[in-house]
Amino acid sequence: MNLFETVTEMGHEQVLFCNGKDPEIKAIIAIHDTSLGPAMGATRLLPYPNEEAALKDALRLSRGMTYKAACAGIPVGGGKAVIIANPENKTQDLFKAYGRFVERLNGRFITGQDVNLTPNDVRAISRETRYVVGVEERSGGPAPVTAWGVFLGLKAAVKFRLQTQDLKGLKVAVQGLGNVGSNLCRHLHEHGSQLFVTDISKEKTQELKRLYGATIVEPDEIYSLDVDVLSPCALGGIINSETIPQIKASVIAGAANNQLGLEQIHGPMLSAKEILYAPDYVINAGGLINVYNEMIGYDEDRAFQQVHNIYDTLLEIFDRAKKQDITTNDASKQLADDRINRARHIKAMAVV
Ligand SMILES: NC(=O)C1=CN([C@@H]2O[C@H](COP(=O)(O)OP(=O)(O)OC[C@H]3O[C@@H](n4cnc5c(N)ncnc54)[C@H](O)[C@@H]3O)[C@@H](O)[C@H]2O)C=CC1
Ligand SMILES: O=C(O)CCC(=O)C(=O)O
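Reading the values: the criteria
Residues numbered from 1 in each chain as written. Chains lettered and ligands numbered in written order. Predicted model: local features only at pLDDT ≥ 70, side-chain atom pairs only at ≥ 80, totals over all residues. Heavy atoms only, no water. UniProt positions renumbered as here; feature names shortened; annotations may be inferred. Near = heavy atom within 4 Å. Polar contact = N/O pair within 3.5 Å; in protein donor to acceptor, adjacent residues only side chain to side chain. Areas by Shrake-Rupley, 256 points an atom, 1.4 Å probe, with all protein chains shown as cover. Helix = DSSP H or I, 4+ residues; strand = E, 2+ residues; numbered from the N terminus. Buried < 20%, exposed > 50% of the residue type's maximum accessible area, 1.4 Å probe, protein only. Arc of directions from axis to C-beta. Phe/Tyr/Trp six-rings, centres within 6.5 Å; stacked < 30°, edge-to-face > 60°. Lys NZ or Arg CZ within 6 Å of the ring centre and 35° of its normal. Pairing = 2+ DSSP bridges. Domains from an automatic or database assignment. Contact = heavy atoms within 4.5 Å. Buried area = accessible area lost by both parts, 1.4 Å probe.

- In the nomenclature of an unreviewed UniProt entry, the protein chain is known as Leucine dehydrogenase of Scytonema hofmannii PCC 7110.
- Looking at the protein chain in UniProt, the text filed under Sequence similarities (unreviewed entry) is "Belongs to the Glu/Leu/Phe/Val dehydrogenases family."

So this is what it looks like as structure tokens:
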């Protein structure tokens, strides 16, 4: 990878390689754009196959955070961090060392809990830095709010594509029954939808069957189900050249970040199949909205009100895509770019 060419092309302001020996730490903090405010983005920990994969993840996720904040109308920028480690080897000292790197950025980057971090790990980071959000004691953790936003976004997509507001009897396939996916299933069940679920954890699928009468399917069967909606709530990159031909759902609306393998190839492939894709960083903005509210003084009513806007924002994006005959992903980028450029313009005017 040609590093400077890549970050220039993607528009990153800064990429920080955090390296330490005692305790051993390898982490990457990517700050994409701070035009709207300090960069916000949670930290994930994964045993990446190589350093390039970790860097690519950090770069793409942080860019997604810039678009997420802009589309949600939240005055923060986009950042994200990855720690390269096996979850089995994580220690409180590792997170404290990581927290010191975050602190040294002096508020340019504010982080929280993503894949493989627990509330306890976030607490360890917060011992070394003020710039942490998503602490359970303050706002209850972001996942329930994210799930509510995904539920509203799914409703908007169903309204636009299937011309109905009624979710009763709607067949929804949910991939990943973690913190977000399980809460989403609860909302869908309460609205009478029929659930088809998968997870690599048998315990989680059994629990959803017990609670909501969900039909359990194997992980590789989830794409080809004859359902109305496919809701990816596990991993990124799962909408790709291999899975798109299998998909029978006419709506994709889920929480996972970076769902499209390659945006410029797989976005148009979905359009060609008339599958309506709810851009991930728009529909899953509830977590960011929640932690932003925590940062400015938590008010649950205000946070939920801001999450409600996801419904209208998605309808606006679907409409824009239809009118201009572009992908929904490109339409959401347009919306984000408009807002970011306006903020840059106002800043430039203030300097003159
Ligand atoms: N937690 C939040 O507030 C937010 C989460 N997201 C994204 O939403 C997704 C889900 O987040 P969480 O629920 O918090 O994560 P989680 O870690 O609680 O849940 C993920 C679930 O996916 C399952 N899974 C992993 N690989 C799978 C596979 N191949 N097939 C089926 N299931 C598989 C895991 O066993 C786990 O149950 C992630 O991509 C995350 O980045 C995005 C915005 C905010
Ligand atoms: O939890 C955070 O710090 C912001 C939310 C986030 O990282 C995400 O939406 O992926």
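That was the structure; now back to the text.
## Re the site of ligand 1
Phase 1: Not every one of the 22 residues close to ligand 1 is listed here, only the nearest: Thr 146, Val 180, Asp 199, Lys 204 and Ala 234.
Phase 2: The separation between an oxygen atom of ligand 1 and a polar main-chain atom of Asn 179 is 3.0 Å.
Phase 3: In this structure, Asp 199 approaches ligand 1 through a side-chain N or O atom, which is 2.6 Å from an oxygen atom.
Phase 4: Contact with the protein chains covers 81% of the free accessible surface of ligand 1, which is 830 Å².
Phase 5: Residue assignment for the shell around ligand 1 shows that the elements contributing at least two residues are α6 (143-162) and α7 (179-190).

## A few points about helix α9 (residues 263-272)
Phase 1: Buried within α9 we find Glu 263, His 266, Gly 267 and Leu 270. For α9, the angular spread of the buried residues around the axis is 105 degrees, confining them to a single face. α9 presents Gln 264 and Ala 272 as exposed residues on the side facing more than 90 degrees away from its buried surface.
Phase 2: One or two positions beyond α9, positive phi appears at Glu 274, with a value near 55 degrees.

## Thoughts on the packing of aromatic side chains
Phase 1: This structure, assessed with the given rule, holds 3 aromatic pairs.
Phase 2: Ring plane angle 40 degrees and centroid distance 5.4 Å describe the contact between Tyr 67 and Tyr 281, whose orientation is recorded as tilted. Separated by 214 residues along the polypeptide, Tyr 67 in helix α2 (residues 51-72) and Tyr 281 in helix α10 (residues 280-283) bring together distant segments of the chain.
Phase 3: Consider the rings of Trp 148 and Phe 151, whose centres lie 5.3 Å apart with planes at 20 degrees: the pair is stacked. Note that Trp 148 and Phe 151 are positioned in helix α6 at a spacing of 3 residues, about one turn of the helix. Phe 151 carries the same exposure label as Trp 148, and that label is buried.
Phase 4: Over the face of the ring belonging to Phe 101 we find Arg 104, whose NZ or CZ atom lies 4.9 Å from the ring centre.

## Considerations on the sheet that holds strand β12 (residues 276-277)
Phase 1: Taken in spatial order, the 6 strands make up an open sheet running β9-β8-β7-β10-β11-β12, and their pairing is parallel. Of all strands in the sheet, those bounded by a partner on one side alone are β9 (215-216) and β12.
Phase 2: The sheet contact formed by strand β7 (residues 171-175) and strand β10 (residues 229-232) spans 4 bridges and is parallel. By the bridge assignment, Val 174 is partnered in β10 with Ser 231.

## Focus: the site of ligand 2
Phase 1: Neighbouring ligand 2 are Gly 41, Ala 42, Met 65, Lys 68, Lys 80, Thr 111, Gly 112, Asp 114, Val 133, Asn 257, Leu 288 and Val 291.
Phase 2: One nitrogen or oxygen atom from the main chain of Ala 42 is found 2.8 Å from an oxygen atom belonging to ligand 2.
Phase 3: Within the contact set of ligand 2, an oxygen atom lies 2.6 Å away from a side-chain nitrogen or oxygen of Lys 68.
Phase 4: For ligand 2, whose free accessible area comes to 290 Å², the fraction covered by protein is 93%.
Phase 5: Mapped onto the shell around ligand 2, the elements with two or more residues apiece are α2 and α11 (286-296).

## Re the domain arrangement of the protein chain
Phase 1: One can read the domain layout of the protein chain as domain 1 (3-65 + 76-127) and domain 2 (142-285 + 312-335).
Phase 2: Between the C-alpha centres of domain 1 and domain 2 the distance comes to 27 Å.
Phase 3: If you look at the interface, domain 1 gives 8 residues, while domain 2 gives 6 residues.
Phase 4: On the domain 1 side of the contact with domain 2, Arg 60, Leu 61 and Gly 64 bury the most area, a combined 65% of that side's loss.

## Focus: the UniProt feature "active site" (unreviewed entry) in the protein chain
Phase 1: Residues given the UniProt feature "active site" (unreviewed entry) here are Lys 80.
Phase 2: Among the secondary structure elements, Lys 80 is positioned in strand β5 (residues 77-84).
Phase 3: Discounting chain neighbours no more than four positions away, the residues touching Lys 80 are Ile 28, Ile 29, Ala 30, Gly 41, Ala 42, Ala 58, Leu 61, Ser 62, Met 65, Phe 109, Asp 114 and Asn 257.

## So, the environment of Pro 119
Phase 1: Within the secondary structure layout, Pro 119 lies in helix α4 (residues 119-126).
Phase 2: According to the relative accessible area criterion, Pro 119 is partly exposed, its value standing at 26%.
Phase 3: It is 8.1 Å that separates the C-alpha atoms of Pro 119 and Gly 141, two residues lying 22 residues apart in sequence.

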